[in-house]
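# Coordinate inspection notes
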Amino acid sequence: MATVRFSGTATIEYLKGDLLRSLQEGEESVVILDRYGSFFLGMAHHLVGSCHFELGNLEEALSQFVDVVRVSKAKGQLFNAASGSSSMALVYATVGLHDPIPQLVSEAEEQIRGPLGEFLASTVLADIGFVRLLLEEPETAVDDFTRGLTASSTSQFIERPRLLIGRAMARAAINEHDAARDDLIDAVTLADSKELGLYLAHIGLAEGLLSMKSGDLDAAEHALTTGQQEAMSRGQRVRLLEISSARARVASLSGRNDDAARHSESA
């Protein structure tokens, strides 16, 4: 039953964007899975950590990802430990603590090249791609997201919108605007058809950044405002931070200095 709650209810609610319910189901599942030493314990820890990350509870997220690595290594599941390492790297990149990142990324990359390495490779490569973006390495990020999209991974479907969004953001950063727009169209189609509410705020952010790079500041403001509303409705504070920062840049480029200051203060 705990396996069904984690892999079914908690995962579905996560993808729908009901993060608090997913977190509750995931935390209760972890307790039971730990009691029985379940194969799925590391993955359940990762889901709980992902909920905390989206909600902006970064210390709790980091703790859960540490548990992913600990549990997975104890069970000999190095393919699963990779997701813990890559997600830890993403937390550190998000808060600007760069020193631990190279080792964590190296560990994750090595682990996905090992036995059963592609099991969660799409998750790992999505994390690493966003780490590269935060480190301002968009060309490398494009390669990571593309690898994630083509990996024979059990998480490929779940991660596909995130990978497309990430690749769109990376392509926008290197002025490949048409290719970025194609990725975003695919991400929107998938999110809408499968009711994947988790990704709507991220899509708004990516659309806003692409429009800003293309010089359409009105479209950027509209997309970011929509993304902000989606993030607020789900409590996605990391997305709110990113969107507020982007809105400050758009306002500054538009000459709306008071709005730029307000959005910066919000961020």
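First, a word on what this report is: a plain description of the structure on this page.

About the cut-offs
- Residues numbered from 1 in each chain as written.
- Predicted model: local features only at pLDDT ≥ 70, side-chain atom pairs only at ≥ 80, totals over all residues.
- Heavy atoms only, no water.
- Helix = DSSP H or I, 4+ residues; strand = E, 2+ residues; numbered from the N terminus.
- Rg over C-alpha atoms; globule rule 2.2 N^0.38 Å.
- Contact = heavy atoms within 4.5 Å.
- Areas by Shrake-Rupley, 256 points an atom, 1.4 Å probe, with all protein chains shown as cover.
- Lys, Arg positive; Asp, Glu negative; His and termini not counted.
- Charge placed at Lys NZ, Arg CZ, Asp CG, Glu CD.
- Axes fitted to C-alpha atoms, helices over the stretch in contact; angles between N-to-C directions.
- Parallel < 35°, antiparallel > 145°, perpendicular 65-115°, else oblique.
- Left-handed = near helix turned anticlockwise from the far one by under 90°.
- Nonpolar A, V, L, I, M, F, W, Y, C, P; charged D, E, K, R; others polar.
- Buried < 20%, exposed > 50% of the residue type's maximum accessible area, 1.4 Å probe, protein only.
- Phe/Tyr/Trp six-rings, centres within 6.5 Å; stacked < 30°, edge-to-face > 60°.

## Quick look at the overall build of the protein chain
- Secondary structure summary: the protein chain contains 14 helices and zero strands in total.
- From first element to last, N terminus to C terminus, the protein chain shows the α and β order α-α-α-α-α-α-α-α-α-α-α-α-α-α.
- Against the globule reference of 18 Å for 267 residues, the protein chain gives a C-alpha radius of gyration of 18 Å, in line with a compact fold.
- For the protein chain, restricting intrachain contacts to residue pairs at least 6 apart in sequence, the fraction spanning at least 24 positions comes to 60%.
- Accessible surface for the protein chain amounts to roughly 11,900 Å². Of this, 51% is attributable to carbon and sulfur atoms.
- Across the protein chain, the 24 positively charged side chains and the 38 negatively charged ones have centroids separated by 4 Å.

## Notes on the packing of helix α12 (residues 217–234) against helix α13 (residues 237–253)
- Running from N to C, α12 and α13 cross one another at 160°; their axes reach a closest spacing of 10 Å. Compared by their axis directions, α12 and α13 come out roughly antiparallel. Of the two possible hands of crossing, α12 and α13 adopt the one that is left-handed. Where α12 approaches α13, its residues Leu 217, Ala 220, Glu 221, Leu 224, Thr 225, Gly 227, Gln 228, Ala 231 and Met 232 are matched on the opposing element by Arg 239, Leu 240, Ile 243, Ser 244, Ala 246, Arg 247, Val 250 and Leu 253.
- The residue makeup of the contact of α12 with α13, split by class, is ten nonpolar, four polar and three charged.

## As for the environment of Gln 24
- Position of Gln 24 relative to the elements: it lies in helix α2 (residues 19–35).
- You can call Gln 24 partly exposed: its relative accessible area is 47%.

## Details of the packing of aromatic side chains
- Following the criterion strictly, the structure yields four aromatic pairs and no others.
- Ring centres of Phe 39 and Phe 40 lie 5.2 Å apart, and the angle between their planes is 85°; this geometry places the pair in the edge-to-face category.
- According to the relative accessible area criterion, Phe 40 is partly exposed, its value standing at 29%.
- An angle of 70° between the planes, with centres 5.0 Å apart, marks the rings of Phe 79 and Phe 119 as edge-to-face. Linking Phe 79 in helix α5 (residues 78–95) with Phe 119 in the loop between α6 (101–112) and α7 (121–134), this pair joins segments that are 40 residues apart in sequence.
- Ring pairing ties together the aromatic residues Phe 39, Phe 40, Phe 79 and Phe 119, which thus form one cluster.

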